[in-house]
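As a plain string of letters, each chain reads:
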Amino acid sequence: MLVQWYRQLPGGEPERLESGCLYPGQAPERPGGAVVVVTERQLRELPIVPAGLGVQPGRHTLRGAETNVYAEPAQQSFRVSVLGRGVEVRVRPVEHRFDYGDGAALASAAPGGPLPEQRWGERTATGHVYRGTGDYTVGLATVFAGEFSVEGGPWQPIAGTALVPSRPREVSVWRSEVHLYAEDCNANPRGEGC
């Protein structure tokens, strides 16, 4: 029996991969048509929307202070056709790779999250403390895993993952200075520190 293997990328035409395999004796039973799978390459070719990258307190932060950096990912699903069959693919974030721009980095399953303004400066699982002043580029890449269902059938995992980079954010790190004054500004409004 002559066996031919084909693959089809989403939106593409079937492509023959291999043929010419002969089975001696009785031919194996045909399992009801071609076996449809979604490959790691197909997963990486999906238009996965990158996670948002948040930084608090914002564009400017202070040296030595906690800066909250977090990801805002979303689960996503896609409808594709493989070998003429309808396939639903859904992806979810499994790892967030933060690059703080000063040589420090963090890989975390947790995305972190925004803090209310009154809590800015608190330590967070994905936050960072800059030790030097200057301008830094903060980066994020999110690892997505996927699974697929053929025509409403059971969900099956996709072997491999897709790494999706987010748009980087610029952060300026400033220094702060504290001075103590003994001047009474009510008595002398033009005094030092008033």
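Predicted model only: the values in this text are computed from it and were never measured.

Next up on the list: the overall build of the protein. Scanning the protein from terminus to terminus reveals one helix and twelve strands. Each helix (α) and strand (β) of the protein, taken in turn from the N terminus, gives the series β-β-α-β-β-β-β-β-β-β-β-β-β. Burial analysis of the protein (194 residues in total) assigns 31% to the buried set. A separation of at least 24 residues holds for 64% of the contacts in the protein among residues at least 6 apart in sequence. For the protein, the computed accessible surface area is about 12400 Å², with 49% contributed by carbon and sulfur atoms.

Our next topic: the packing of aromatic side chains. What the rule picks out here adds up to two aromatic pairs. Considering the side-chain rings of Phe98 and Tyr100, the 6.3 Å spacing of their centres and the 5° angle between planes classify their relative orientation as stacked. Ring plane angle 25° and centroid distance 5.0 Å describe the contact between Tyr130 and Tyr136, whose orientation is recorded as stacked. With respect to burial, Tyr130 and Tyr136 carry one shared label: buried.

Burial analysis of strand E5 (residues 66–72) places five of its seven residues in the buried class, which makes it a mostly covered element. Sheet analysis places E5 next to strand E9 (residues 128–129), joined by two bridges and oriented antiparallel. Bridge pairing in E9 places Glu66 opposite Val129.

Relative to the helices and strands, Thr124 resides in the loop between strand E8 (105–108) and E9. There is a polar contact of 3.0 Å between the side chain of Thr124 and the side chain of Asn68. Excluding residues that lie within four positions of it along the chain, Thr124 makes contacts with Glu66, Asn68 and Leu115.

A word on unusual backbone geometry. Residue Pro57 is reached from Gln56 by a cis peptide bond, and omega for that bond is 20°. Tracing the chain through its elements places Pro57 in the loop between strand E3 (52–56) and strand E4 (60–62). With phi around 50°, Leu83 is a residue other than glycine that occupies positive phi space. For Leu83, the location among the structural elements is in the loop between strand E6 (76–82) and strand E7 (85–99). Of note in the backbone geometry, Glu151 takes a positive phi value of approximately 50° without being a glycine. Among the secondary structure elements, Glu151 is positioned in the loop between strand E10 (134–150) and strand E11 (156–165). Assessed through its relative accessible area of 49%, Glu151 is described here as partly exposed.

As a further point, take the environment of Gly84. Relative to the helices and strands, Gly84 resides in the loop between E6 and E7. With 71 residues separating them along the chain, Gly84 and Glu13 place their C-alpha atoms 9.4 Å apart.

Examined against the element boundaries, Trp120 turns out to sit in the loop between E8 and E9. In this view, Trp120 contacts Gln56, Pro57 and Leu115; residues no more than four positions away in its chain are not counted.

A separate point is the pairing of E10. Counting buried residues along E10, 13 of its 17 residues qualify, which places the element largely inside the surrounding structure. The pairing of E7 with E10 spans twelve bridges and is antiparallel. Counted as the bridge partner of Asp99 is Gly139 from E10. Strand direction decides the pairing type here: E10 and E11, joined by seven bridges, are antiparallel. Across the sheet, the residue bridging to Thr142 is Val164, located in E11. If you look at the hairpin formed by E10 and E11, you'll find five residues sitting between the two strands, and Glu151 has a positive phi there, around 50°.

The rules behind these values
- Residues numbered from 1 in each chain as written.
- Predicted model: local features only at pLDDT ≥ 70, side-chain atom pairs only at ≥ 80, totals over all residues.
- Heavy atoms only, no water.
- Helix = DSSP H or I, 4+ residues; strand = E, 2+ residues; numbered from the N terminus.
- Buried < 20%, exposed > 50% of the residue type's maximum accessible area, 1.4 Å probe, protein only.
- Contact = heavy atoms within 4.5 Å.
- Areas by Shrake-Rupley, 256 points an atom, 1.4 Å probe, with all protein chains shown as cover.
- Phe/Tyr/Trp six-rings, centres within 6.5 Å; stacked < 30°, edge-to-face > 60°.
- Pairing = 2+ DSSP bridges.
- Polar contact = N/O pair within 3.5 Å; in protein donor to acceptor, adjacent residues only side chain to side chain.

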